[in-house]
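Next come the chains, spelled out residue by residue.
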Amino acid sequence: MELLIKNGILYDPANSVNGEEVEICIKDGKVVEKINQRKAEIIDASDMLVMPGGVDIHSHIAGPKVNAGRLLCPEDHRTRVRCAECFRNCEIKSPITRSGTGCAVPSVFTTGHIYSGMGYTTVIEPASPPLKTLHTHEELNDIPLIDKACFLLFGNNWLVMDYIKEGRIEECAAYVGWVLRSVKGYAIKIVCPGGVESWGWGGNVHSMDDHVPYFDVTPRDIVRGLCKVNQLLNLPHTIHVHTINLGTPGNYRYLIETMDCVRDLQVEDEPVIHMTHCQFNSYGGVDWRSLSSKADEVAKYVNAHNHVTIDMGQIIFTQTVTMTGDGPFEYLLHQISGNKWMNTDLEVESGGGLVPIRYNRKNYVHAVMWTIGLELALLVKDPWRVFFSTDHPNGGPFINYPKVFAWLMSKKARDKVTKRLPRLARVRSNITSIDREYDFYELAIITRSATAKALKLQNKGHLGLGADADVSIYDLNPKEVDPSVDYKQVGKALFKTAYTIKGGEIVAKKGVIKKCKSGITFWVNPQVTEELNSSIMPELTEKFRDYYTINLQNYGVPENMLIDQQAIEVKSKV
Amino acid sequence: MECEKGLKVSEDVVCPFCGCLCDDIKVTFQDDEITRLANSCAISIAKFQHYKEDRIPSPLIRENGQSSSVSLEEAVKETSKILVNARYPLLYGWSSTSCEALKVGIELAEELGGVIDNTTTTCHGPTILGVQDVGESTCTLGEVKHRADLVVYWGSNPVHAHPRHLTRYTLTPKGKFRAARKDRVLVVIDVRKTSTARQADCFIQVEPNKDYELLSALRMAIKFEEIEQVIVAGIPKEQIEELADLLISCQFGVIFFGLGLTMSSGKERNIEAALSLVRDLNRKTKFNIMPMRGHFNVTGANKVTTWQTGFPYAVDLTKGYPSYNPGATTALDILNRGECDAVLIVASDPLAHAPKTAVQNLLKIPVITIDPRISLTSLIAKVAIPTALVGIEAEGVAYRMDGIPKILKKITNPPAGFVSDVEVLKMILKEVRKQKGAS
């Protein structure tokens with residue numbers, strides 16, 4: 001099938017295309033140099049904004065914890081949700097699409113439909129416990145229209161902590177590689193290193209040098225150890241870290257300390273650590289009363305050090321469900337909010353929790369949180385190192401992304417919210433003093449190009465020759481519209497694409513799904529030397545028998561469980 | 001593994017019986033006969049050894065009280081005709097089959113505009129309602145094995161229903177921090193002295209239907225509030241306070257509860273109280289709670305329905321989108337009121353278990369069963385389609401009671417002409433679409 005996109009105004013930062021009228025030729029799902037124009041289907045994108053398909057690096061869309069959220073919150077499935085054409089309380093089945101419900105935790109089909117309608121074509125599930133990753137893959141299989149991958153939780157894994165304590169980093173790398181290969185994961189995710197293991201006893205870690213009970217390692221050891229493992233395995237993405245003391249006043253120090261603890265491991269100016277949803281970790285003050293924004297300090301550090309990338313974790317004033325592998329944090333949130341609480345401890349590997357929450361503009365703490373996410377995005381100078389995220393659904397459902405785009409692109413839009421915030425929140429943050437406004441080029445970077453680059457998905461996030469033909473075309477003329485003034489129009493246009501093209505086919509028009517197809521699941525296959533691999537197996541077999549309640553042979557996800565997949569082979573250094 | 005001639009050994013087989021999904025079963029075949037089973041419990045042995053018995057020989061259609069054998073295609077056609085002509089079809093069962101089958105089932109319910117419900121409705125439905133109200137602090141069974149020094153069974157009798165639960169996960173296994181039985185305290189709360197209670201360090205005999213009172217008293221006692229009654233639920237106040245002390249003095253406690261709590265008077269209110277007790281206990285120590293799920297994939301049935309529709313059971317798809325209203329859209333209530341006009345039952349036997357009015361109404365309408373074995377329901381069914389046994393003759397994913405997914409194995413071939421229920425349901429879905437397109 002051939003497709004020609006004519007006259008569109010393209011923003012493709014990876015290829016330094018900044019708002020130029022370019023013809024895009026598509027054949028067999030790839031961008032090619034030229035096609036037979038008489039045969040091809042032609043899309044006239046005159047006066048339209050064209051970008052590569054969106055790449056969301058951190059969005060909880062599938063897996064045991066997300067499903068627990070759906071179970072816990074039936075109320076989320078009755079309120080504002082999307083139907084085929086407009087907002088209603090459901091998505092009705094159509095001849096080509098399945099039905100669904102939900103907003104903060106939508107059901108699987110609806111997740112794919114909304115994302116695709118917004119122009120996103122690749123979405124990463126950032127926290128899956130290896131033991132339950134078969135569940136994650138079952139859900140990912142069911143999500144249509146987007147390519148996907150999942151990160152695996154390692155920060156509280158008993159075997160990893162054993163290896164790190166004994167200083168056996170190479171064996172640890174072989175083990176991590178084995179897990180990634182067995183359960184088909186994409187990267188190493190660290191959530192509250194050591195803290196979730198302590199939560200197994202009802203405790204937590206509070207500094208980078210606290211000892212994890214019975215394991216004699218510290219969060220610092222775990223982060224450094226896994227960072228080295230990541231380098232040894234040569235994995236495409238860096239370690240993806242949700243650090244300790246998330247969501248507590250004064251925690252920006254731990255964020256900076258975590259980033260700094262792997263500074264010496266950097267080689268050749270490449271990033272070695274990604275700090276995720278930094279908004280939740282950029283708080284100043286000593287208690288909730290004195291909470292303030294320390295986004296400036298965090299941004300200062302990020303601007304001065306190129307071994308780190310971050311994402312925002314912006315919040316939106318709306319009803320949502322928080323869900324994280326950070327069990328102790330969710331308990332804290334339950335105690336603060338009094339809302340219903342779900343806790344899910346998982347043997348050997350991790351844990352997790354959920355608490356529904358409503359972010360309230362009038363609440364001083366929530367207002368400060370709102371300013372921090374935006375400040376981070378606006379104060380970090382290099383858009384290639386600060387990615388867009390709301391940590392869906394923790395900061396807010398992904399359906400609200402366009403609202404955040406408008407805030408980033410327009411000071412006027414921000415001021416409109418800021419002036420209605422509690423005065424204390426305005427005083428304790430810097431948002432009013434920041435004049436920076438993102439342009440479409442920078443927006444394309446933080447939502448597509450930079451995230452694809454960080455994931456090293458070479459065919460994603462750009463539209464150069466050979467790239468995957470994932471394109472989003474919005475009905476918005478970037479040459480005429482001034483986003484800083486017409487932010488409402490921008491937000492509205494970015495909510496529904498005029499066309500979403502996935503793998504060279506038009507899958508959505510005006511936000512309505514026109515064709516349903518499955519997406520690819522990416523996973524990495526790290527190739528470790530045969531000797532090292534076989535040397536860990538006897539010990540692994542023994543520990544597995546002692547630690548787990550399932551047999552080694554029944555662990556893992558066979559390739560035939562993934563409908564559409566692409567293994568990324570990486571040559572490891574060990 | 002092929003050894004001697006005709007001898008075949010399958011290792012690490014997952015047992016498709018209860019929510020424990022033990023995955024260390026070793027099955028030895030001699031010429032298609034199971035000759036040895038290792039690591040199996042009594043129930044599992046029965047399931048494996050008698051897997052060939054009580055099977056429906058071929059698809060059956062019953063007319064005027066007479067069953068006649070038909071081909072699978074004919075049975076599928078007849079099934080589809082019944083379903084397409086029904087105005088309010090009910091698709092029920094799903095807990096003793098694979099997740100793959102349920103996925104097709106949900107698509108079929110959506111296509112038909114019917115209700116899909118699983119057996120949760122008759123067992124842990126109240127648990128789900130309780131969780132939706134107050135949340136749940138839970139964990140996997142491995143956490144219990146390694147950490148728990150206090151194990152409470154409330155209204156459940158694992159020695160009979162989940163025979164390896166105590167030995168494999170909770171009471172006697174060797175964990176990292178708990179080496180043996182002596183490191184753990186077992187408390188059993190039940191209305192009678194069950195076999196599990198005989199192993200307990202502390203047995204509390206609660207008066208029938210008084211669980212809510214006892215839970216409320218315990219919630220007070222752990223907060224050191226005064227209980228004004230001398231005896232609550234048949235138990236002296238002092239004993240309740242002792243139990244409360246035991247609960248808050250442990251390092252890692254866990255409560256397992258069964259139908260004794262969900263299906264006695266109070267239902268979801270009992271569960272809410274139990275979940276709240278555990279939530280409150282987390283202020284004092286570390287505590288978790290877990291329902292003892294019965295059918296091997298009832299957990300999976302809830303999970304799949306939740307991720308595909310947003311709701312765990314009792315999903316009404318008549319409006320073209322999922323809606324959920326337990327009490328209105330639950331299978332038993334629909335049957336009790338006689339609302340549905342056709343029922344498709346997959347791997348369940350409601351005729352044997354449902355209340356009288358539901359059964360009477362079931363007898364008035366066309367019933368289709370998709371089940372490997374003869375059941376009471378299959379005997380009255382208009383169409384009965386036999387299938388391969390999941391976990392023995394067919395593969396599929398199932399979820400353990402704590403949500404850990406496992407792949408059930410195919411260890412032998414089904415009888416000639418038998419296919420899995422996934423295949424049968426796919427055929428029905430295709431035929432339904434064809435018939436709908438034609439009409």
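Residues numbered from 1 in each chain as written. Chains lettered and ligands numbered in written order. Predicted model: local features only at pLDDT ≥ 70, side-chain atom pairs only at ≥ 80, totals over all residues.

> What is the right way to look at the overall build of chain A in this model?
Assigned secondary structure in chain A consists of 17 helices and 28 strands. In terms of C-alpha radius of gyration, chain A reaches 23 Å, essentially the compact-globule figure of 25 Å for 574 residues. C-alpha extents for chain A along the principal axes are approximately 65 × 55 × 50 Å. Buried positions account for 62% of the 574 residues belonging to chain A. Across chain A, contacts joining residues at least 24 apart in sequence account for 78% of those joining residues at least 6 apart. (Helix = DSSP H or I, 4+ residues; strand = E, 2+ residues; numbered from the N terminus. Rg over C-alpha atoms; globule rule 2.2 N^0.38 Å. Buried ≥ 20, exposed ≤ 12 C-beta atoms within 10 Å, placed from the backbone. Contact = placed C-beta atoms within 7 Å.)

> I keep staring at the overall build of chain B and nothing clicks. Help me out?
Scanning chain B for helices and strands turns up 18 helices and 22 strands. For chain B, whose C-alpha radius of gyration is 23 Å, the value lies close to the compact-globule estimate of 22 Å for 439 residues. A burial count over chain B gives 58% of its 439 residues as buried. Here the analysis covers contacts within chain B between residues at least 6 apart in sequence; of these, 67% occur between residues at least 24 apart.

> What exactly am I supposed to notice about helix α1 (residues 64–72) of chain A here?
Quick reminder: α-helices carry 3.6 residues per turn. Residues three or four places apart thus point the same way. Of all 9 residues in α1 of chain A, 9 are buried; the element is thus mostly enclosed. Looking at α1 of chain A, one finds that the buried residues are Pro64, Lys65, Val66, Asn67, Ala68, Gly69, Arg70, Leu71 and Leu72 of chain A.

> What am I meant to see in the pairing of strand β18 (residues 308–311) of chain A here?
For a regular strand, side chains alternate in direction, first toward one face of the sheet and then toward the other. All names here are of chain A. Where burial is concerned, the two faces of β18 agree: the one with Val308 and Ile310 and the one with Thr309 and Asp311 are both buried. Alignment of strand β15 (residues 273–275) against β18, held across 3 bridges, turns out to be parallel. Bridging from a neighbouring strand, isoleucine 273 pairs with valine 308 of β18. (Pairing = 2+ DSSP bridges.)

> What is the right way to look at the packing of helix α8 (residues 252–260) of chain A against helix α9 (residues 295–304) of chain A in this model?
Each pair of packed helices can be described by the angle between their axes along with the distance between the axes. All names here are of chain A. Orientation of α8 relative to α9, taken along the N-to-C sense of each, is 10°, at an axis distance of 10 Å. It follows that α8 is roughly parallel to α9 by the angle criterion. Listed contacts from α9 to Tyr252, Leu255, Ile256 and Met259 of α8 are Glu297, Val298 and Tyr301. Split into classes, the residues belonging to the contact of α8 with α9 amount to 6 nonpolar, no polar and 1 charged. (Axes fitted to C-alpha atoms, helices over the stretch in contact; angles between N-to-C directions. Parallel < 35°, antiparallel > 145°, perpendicular 65-115°, else oblique. Nonpolar A, V, L, I, M, F, W, Y, C, P; charged D, E, K, R; others polar.)

> Just checking my understanding: could you explain the packing of helix α3 (residues 99–112) of chain B against helix α13 (residues 298–309) of chain B for this structure?
All names here are of chain B. At a minimum axis separation of 10 Å, α3 and α13 run at an interaxial angle of 40°. Here α3 lies oblique to α13, going by the angle between them. Crossing of α3 against α13: the hand is right-handed. Residues Cys99, Leu102, Lys103 and Ile106 of α3 lie in contact with α13, whose contacting residues are Gly300, Ala301, Val304, Thr305, Gln308 and Thr309. Here the residues of the contact of α3 with α13 sort into 5 nonpolar, 4 polar and 1 charged. (Left-handed = near helix turned anticlockwise from the far one by under 90°.)

> Please explain the sheet that holds strand β5 (residues 30–32) of chain A as it appears in this structure.
By way of backbone hydrogen bonds, the strands of a sheet pair with one another, either parallel or antiparallel. Residue and element names in this part refer to chain A. Taken together, the 4 strands give an open sheet; going across it, the order is β5-β4-β1-β6, and neighbouring strands pair in mixed fashion. A single partner strand is all that each edge strand has here, and the edge strands are β5 and β6 (41–44). Direction aside, neighbouring strands of the sheet carry axes that sit 30° apart on average.

> Where do I start with the sheet that holds strand β15 (residues 286–291) of chain B in this structure?
All names here are of chain B. The strand order β11-β10-β9-β14-β15 describes an open sheet built from 5 strands, whose pairing is parallel. A single partner strand is all that each edge strand has here, and the edge strands are β11 (202–205) and β15. Shown here is a sheet whose adjacent strand axes are inclined to one another by a mean of 15°, direction ignored. As paired strands, strand β9 (residues 150–154) and strand β10 (residues 185–190) are joined by 5 bridges and run parallel to one another. Across the sheet, residue tyrosine 153 finds its bridge partner in β10, namely valine 188. Helix α12 (residues 268–281) rests against β14 (252–257) and β15 of the sheet, and its axis sits at about 160° to β15.

> Just to check I follow, could you spell out the interface of chain A and chain B for this structure?
Accessible area lost upon the coming together of the parts serves often as the stated size of an interface. Taken together, the contacts link 45 residues of chain A with 49 residues of chain B. Of the residues in the side of chain A that touches chain B, the class split is 18 nonpolar, 16 polar and 11 charged. Pairing between strand β20 (residues 341–345) of chain A and strand β8 (residues 135–139) of chain B: 5 bridges, direction parallel. Bridge pairing in β8 of chain B places asparagine 343 of chain A opposite serine 137 of chain B.

> Which parts of the structure should I look at to understand the pairing of strand β5 (residues 66–69) of chain B?
Residue and element names in this part refer to chain B. Inspection of the sheet shows strand β4 (residues 60–63) paired to β5 by 4 bridges, in the antiparallel sense. Among the inter-strand pairings, glutamate 63 is bridged to a residue of β5, identified as glutamine 66. Once β4 ends, the chain turns through 2 residues before running back antiparallel as β5, passing asparagine 64 with a positive phi of about 50°.

> Please clarify how the nonpolar core should be interpreted in this entry.
What tends to happen in soluble globular proteins is that the nonpolar side chains get buried as a cluster. With 325 residues, the main nonpolar core has Val50, Val176, Leu226 and Leu376 of chain A together with Val152, Leu218 and Ala274 of chain B as its most contacted residues. Look past the residues within four positions of leucine 226 of chain A in its chain and what remains in contact with it is Phe154, Val160, Ile188, Ile190 and Ile239 of chain A. (Core = buried A, V, L, I, M, F, W, Y, C linked by C-beta atoms within 7 Å.)

> Explain the environment of asparagine 39 of chain B to me, please; I cannot follow it from the model alone.
Residues and elements named next belong to chain B. Tracing the chain through its elements places asparagine 39 in the loop between β3 (33–38) and α1 (42–49). Given 17 C-beta atoms within 10 Å, asparagine 39 falls into the partly exposed group. Taking the C-alpha atoms as reference points, asparagine 39 and proline 59, separated by 20 residues in sequence, lie 35 Å from one another.

> Can you walk me through the environment of leucine 376 of chain A in this structure?
Residues and elements named next belong to chain A. Looking at the secondary structure, you find leucine 376 in helix α11 (residues 364–379). Under the C-beta neighbour-count criterion, leucine 376 is labelled buried, with 25 such atoms within 10 Å. In sequence terms leucine 376 and serine 293 are 83 residues apart; their C-alpha atoms lie 9.9 Å from each other. Residues within four places of leucine 376 in sequence aside, it is in contact with Cys278, Gln279, Ser282, Ala295, Val298, Ala299, Ile310, Met312 and Val386.

> Got a minute to help me understand the domain arrangement of chain B in this structure?
All names here are of chain B. Under the domain assignment, chain B is made up of domain 1 (7–49), domain 2 (60–121 + 296–438) and domain 3 (125–291). If you average the C-alpha positions of domain 2 and of domain 3, the two centres end up 34 Å apart. Counting residues at the interface gives 9 residues for domain 2, matched by 6 residues for domain 3. The class makeup of the residues in the side of domain 2 that touches domain 3 is 5 nonpolar, 3 polar and 1 charged. (Domains from an automatic or database assignment.)

> What's the story with unusual backbone geometry in this structure? I'm lost.
Excluding glycine, most residues fall at negative phi; most peptide bonds, likewise, are trans. All names here are of chain A. Cis peptide bonds are those with omega within 30 degrees of zero, and the linkage from histidine 392 to proline 393 qualifies with -5°. By the element assignment, proline 393 lies in the loop between β22 (386–387) and α12 (401–409). Phi is positive for asparagine 234, close to 65°, though the residue is something other than glycine. Here asparagine 234 is to be found in the loop between α7 (219–233) and β14 (239–242). Among the residues examined, asparagine 234 registers 16 C-beta atoms within 10 Å and is labelled partly exposed. One non-glycine residue, valine 348, lies in the positive phi region at around 65°. Mapped onto the elements of the fold, valine 348 is located in the loop between β20 and β21 (353–358).

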